[in-house]
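Tertiary structure, described
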Amino acid sequence: MKGWTLFPHLVVRTTGFPFDWLERLGCPEAAAGARRLAEEQRALEALRAEGPRVRRPPRAVLAALKAGRPVDTEGLESPEVFAAWNARARAVREAEDAFEAALEREYADVEKALVALRREPRFLEAVASSSPPVAKDLLEGRDGARLRRQVASYLQRLCAKNETMGFFGPINYGRADAEAPTGVSLRWSGPEVLVGRNTFAASWLVQGLVRAIAFDPEMAAWLVLRRKAFSEVPARKAAPPPESTEELLPRLVELADGTRTLAGLASALGVAPGMAREAARLACDKGLLTHQLEVPAAVHHPLDDLAERVAGVPCAAARRHVEGLSALLALMARYGAADAAGKMALQGAFAERARALWGVAPPSERASASESHNFYQDRLPLREECGGDLRVEVGGERARELVTRLEPALAWMGEAARRTREAARATVAGLVGTRTVPFWKVVAAYADRPVPSDTSVAEALARGIPDAAARSVELGGVATPPVVEDARALPLVTSVDLLVGARDVEAWSRGDYELVMGDVHDTALVWGWALQFHEARGRVESAMVRALGALPRPTPLVTVLASRRTGLLPSEFPGPVVELGGVSARASGWRLPLDDLFVESDGKSARLVSKRLGSEVCLYNGELESLVHTAFALPRIRPLRVSLGAHTPRLTLGGVVVQREQWRLGPEERKALLACRDDKARLRAAVDLWAARGMPDCVFAKFKDERKPVLVDVRSPPLLRVFLNLLEQKEDVVLSEMRPAPDQLWLRAPGGRHTVELRCTLLWGAPAPGSAPEDGE
């Protein structure tokens, strides 16, 4: 069986704003002055502990010694006793004066940068795309501590984190070709040049529209219902004509075979159209039935798809709904070209029309500015995805290294994934006992149970760290897990966000670079929505289908389609599909009903079986962190997590950084930082702490329950405010070095340096390169 192979196509994610903009908020001279001041103060404290010794000193001398000031030696018997003290005290005073002068000078520049940023059209547009309330405050010229903190918070995300959202997180592409000449080349017109802008309606809005339109009384008569997740109808007793929706439900589900309209079903059941409509609505809400107007979960343009589906219904109401949907689509078409004010107006107009025509409102009406920093809330009616023209070509040895250098880390991750899967299967078996239970009941009962993640791999790696105080440790000497040779071993699929640290692209091209593993995902992400701007999307998707199809599969692999809840579409991979929440996008999908799946358990281990297929089955992964999915899906590749407590060195395997150097703050350190009440005190305290812990200027702070970390530059008063505001709310924080560091950002545009990462899909168990057909490019 072949080991790890790299799918040759890459998604390249970068920032729409240069990192240099973030550095405009820094006070580097003041930070250096704060370090010098702290050093001088420590030297003075050491001198205070040693002396000077004077018998019966005057009060003025005692006051000066206590305050750390030079002693006035005029009239003293032995003035030479205070020579060393006075020299140190004067050095402290000079250092303090220099620090305050530098801070005053640089702080003025920071304020100018913040004022300019508030007027920058692209920055305002980015904020308007995520939080109209904050953008409104900025456009109206409001000010205040909270708004300034929000501006800094947005800027660190726009300049330091690779997103896949809007023009500030454009989607770009690359290719790794091991047969090409060794080197790296790129072409890029810069972050302001886009090859496309796509606007989408939020998932909650589309689902609300589908429900409202489908169960319009005139439309509902034409619904063609079919059973979705379940093949067997709910149990019912022989009874006279139903008198309630609940009584009607099982009879309706029994007759819904995908060939008759709801009007025909109502006639066959002998019930009024209104009762049939309510029963159908209840059945759809429960996931028992679906209909021809439900938009498939993996469709990329759901509102267009809905309009096409509604257009096929032969009634006057359909024409009215198509007209309304066309008006929504017209508003969407204007969104990409609009500025900040225009985007906010279009969001409002779109939401108001959806509410007025169909009664659709957000899950939460709250859109408070205090919550607006979350880029991932799918709460606005409209969102945008953009394509950039950055194209990266990695050839020869540089391409081969993307796999060979990762193999040691992937070996450990694969072993941890297998152990975690087995532990999850054992846990489910212990809960189920010795019996066979429908899969849906197991999901319902144990969905919230924690995943028994394997810790033995992390513990083995931790034991390989000889010195916890070291800055960096290579773990290549730790014995790697044995290679799995079992022909029935399950394949592994992962997508890794790789970051390259190099002085420039030429340095990377000649091999002078560092490879850093960023986020690790459990599924193929060079696929579907991520390829929407690719010049050869169809060929790349076809190549991915063949790559997945070439993996050994001792059991059928099944996609469980959940309902779409965010802008990230669920993937529908090759093989059978279970329509759990969403419906299949395939015209002739291979569907398995949910009640065809059973969990067989002997109390010690469990397996998932299909009654119709007569075999065990395995689920594809899809970033679902649940006990049941972990037990019955492919082994889920997760990042390595090693912690030694207060400090954990940077960990490398085969020269690849698999975990950045990290620190945990203690209660006293947290208390000291939060005790500061102004920027001057915060800067001094933070610089002193950073120096004491040996942290670089730029670190990322990951707080518990916060999805994404925030960048903290200890030299920046605005970024320190953002950090301390979060620290005040949440106690648990892990700080990790920014790596690649600012001087390792190789991607440059006229405006400055950009962070960038290569999203790569790797597969374990695939045929050797060259044995599968080429993708035509």
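Thresholds applied
- Residues numbered from 1 in each chain as written.
- Predicted model: local features only at pLDDT ≥ 70, side-chain atom pairs only at ≥ 80, totals over all residues.
- Heavy atoms only, no water.
- Helix = DSSP H or I, 4+ residues; strand = E, 2+ residues; numbered from the N terminus.
- Buried < 20%, exposed > 50% of the residue type's maximum accessible area, 1.4 Å probe, protein only.
- Polar contact = N/O pair within 3.5 Å; in protein donor to acceptor, adjacent residues only side chain to side chain.
- Contact = heavy atoms within 4.5 Å.
- Disulfide = S-S within 2.5 Å.
- Salt bridge = Lys/Arg side-chain N within 4 Å of Asp/Glu carboxyl O.
- Pairing = 2+ DSSP bridges.
- Axes fitted to C-alpha atoms, helices over the stretch in contact; angles between N-to-C directions.
- 1 Å grid on protein atoms, 1.4 Å probe; cavity = no way out; pocket = protein on both sides within 12 Å on 5 of 7 lines; lining within 4 Å.
- Points joined across faces, edges and corners; volume = space filled by probe spheres on them.
- Nonpolar A, V, L, I, M, F, W, Y, C, P; charged D, E, K, R; others polar.
- Phe/Tyr/Trp six-rings, centres within 6.5 Å; stacked < 30°, edge-to-face > 60°.
- pLDDT = per-residue confidence, 0-100.
- Parallel < 35°, antiparallel > 145°, perpendicular 65-115°, else oblique.
- Left-handed = near helix turned anticlockwise from the far one by under 90°.
- Expected span 1.5 Å × (residues − 1).
- Arc of directions from axis to C-beta.

Topologically, R739 is positioned in the loop between β26 (733-737) and β27 (747-749). Using a relative accessible area of 17% as the deciding quantity, one classes R739 as buried. At 2.8 Å, the side chain of R739 and the side chain of E514 are in polar contact. When near neighbours in sequence (up to four residues on either side) are disregarded, R739 contacts E514, V516, R650, R660 and Q744.

Before going further, it helps to examine the state of the cysteines. In the structure shown here, the tally under the stated rule is 0 disulfides. Not engaged in a disulfide, the cysteine C159 finds its nearest cysteine sulfur in C698; these two sulfurs lie 12 Å apart. Exposure remark for C159: the relative accessible area of 0% places this residue in the buried category.

As a further point, take the pattern of salt bridges. Oppositely charged side chains can form a pair if their charged atoms are brought close together. Following the criterion strictly, the structure yields 55 salt bridges and no others. We note a salt bridge from R309 to D305, for which the minimum N-O separation is 2.4 Å. One end of the pair is R309 and the other is D305, both in helix α13 (residues 302-311) and 4 residues apart, which spans about a single turn. By relative accessible area, which is 15% here, D305 ends up buried. As a salt-bridge pair, R607 and E616 come within 3.8 Å of each other at their nearest N and O atoms.

Residue placement: E415 occurs in helix α17 (residues 407-432). Not counting residues within four places of it along the chain, the set of residues in contact with E415 comprises V457 and P481.

Read from one edge of the open sheet, 3 strands run β7-β6-β8, paired in antiparallel fashion. If you trace the sheet from one side to the other, it starts and ends with β7 (257-261) and β8 (289-291), each paired once. Recorded for the sheet is a direction-independent mean angle of 30 degrees between the axes of neighbouring strands.

What follows concerns empty space enclosed by the protein. Unoccupied space between atoms shows up once a probe the size of one water molecule is rolled over them. Counted by the stated rule, this structure contains 3 cavities of 30 Å³ or more. Its volume calculated, the largest cavity comes out at about 60 Å³. Looking at the largest cavity, the residues that line it are V493, D522, T523, A524, L548, F573, Y620, N621, L634 and P635. For the lining of the largest cavity, a count of residues per class yields 7 nonpolar, 2 polar and 1 charged.

To describe a pair of aromatic rings, you give the distance between the ring centres and the angle between the ring planes. Tallied over the entire structure, the rule returns 10 aromatic pairs. Their ring planes at 80 degrees and their centres at 6.3 Å tell us that F439 and F632 sit as a pair that is edge-to-face. Within this pair, whereas F439 is found in helix α18 (residues 439-446), its partner F632 is found in helix α22 (residues 627-632), the two being separated by 193 residues in sequence. Under the relative-accessibility criterion, F439 is labelled buried at 6%. Taken together, the ring pairs connect F17, W21, F167 and F168 into an aromatic cluster.

Time to look at the confidence of the model for the protein. For the protein, per-residue confidence averages 89 on the pLDDT scale, and residues scoring 70 or more make up 92% of the total. Per-residue pLDDT stays below 50 along residues 366-377; that stretch engages in 32 contacts with residues further than four places along the chain or on separate chains. Taken as a whole, residues 770-777 scores under 50 in pLDDT and shows 14 contacts with residues more than four places along the chain or in a different chain.

What follows covers the sheet that holds strand β24 (residues 698-703). Sheet strands pair by backbone hydrogen bonding; their relative direction is either parallel or antiparallel. What the 5 strands build is an open sheet, ordered β20-β23-β26-β24-β25; its pairing is antiparallel. For this open sheet the edge positions go to β20 (647-648) and β25 (710-713), each flanked by a neighbour on one side alone. Pairing of β24 with β26, which is carried by 5 bridges, proceeds in the antiparallel orientation. In the strand pairing of β26, K702 is matched with V734.

Quick look at the pairing of strand β17 (residues 606-610) now. By the criterion of burial, β17 is predominantly enclosed, with 4 of the 5 residues buried. Bridging between strand β16 (residues 597-602) and β17 involves 5 bridges; their strand directions are antiparallel. Paired with V599 across the two strands is L608, which belongs to β17. Between the end of β16 and the start of β17, which pair antiparallel, lie 3 residues, with G603 showing a positive phi angle near 90 degrees. The pairing of β17 with strand β18 (residues 615-616) spans 2 bridges and is antiparallel. Along β18, the bridge assignment pairs S610 with S615. What sits between the antiparallel neighbours β17 and β18 is a turn of 4 residues, in which G614 has the positive phi angle 65 degrees.

Right, let's get into the packing of helix α23 (residues 667-674) against helix α25 (residues 717-729). Running from N to C, α23 and α25 cross one another at 125 degrees; their axes reach a closest spacing of 10 Å. Taken together, the axes of α23 and α25 are oblique relative to one another. Relative to α25, the crossing made by α23 is left-handed. Counted together, R670, L673 and L674 of α23 and F723, L724, L727 and E728 of α25 form the full contact between these two elements. In terms of residue class, the contact of α23 with α25 is made up of 5 nonpolar, no polar and 2 charged.

Structurally, G518 is set in strand β13 (residues 514-521). For G518, a relative accessible area of 17% corresponds to the buried category. In this structure, the C-alpha to C-alpha distance between G518 and V496, residues 22 residues apart in sequence, is 6.9 Å. In this view, G518 contacts D497, L499 and R660; residues no more than four positions away in its chain are not counted.

Looking now at helix α24 (residues 679-693). Since the α-helix turns once every 3.6 residues, residues separated by three or four places project in the same direction. Taking 1.5 Å of rise per residue, 15 residues should cover 21 Å, and α24 covers 21 Å from first to last C-alpha, within 8% of that figure. Looking at α24, one finds that the buried residues are D679, R682, L683, A686, V687, L689, W690 and R693. The arc enclosing the buried residues of α24, seen along the axis, measures out at 165 degrees, which places them on a common side. Two to three positions downstream of the cap, the backbone nitrogen of K680 sits 3.2 Å from a side-chain oxygen, assigning the N-cap of α24 to D678. Two residues or fewer past α24, G694 is found with a positive phi of approximately 70 degrees.

Moving residue by residue along a regular strand, the side chains alternate between the two faces of the sheet. Going residue by residue along β25, you find V710 and V712 tucked away on one face and L711 and D713 tucked away on the opposite face as well. Strand direction decides the pairing type here: β24 and β25, joined by 4 bridges, are antiparallel. What sits directly across from F700, in β25, is L711. Linking β24 to β25, which pair antiparallel, is a turn of 6 residues; within it D705 sits at a positive phi near 75 degrees.

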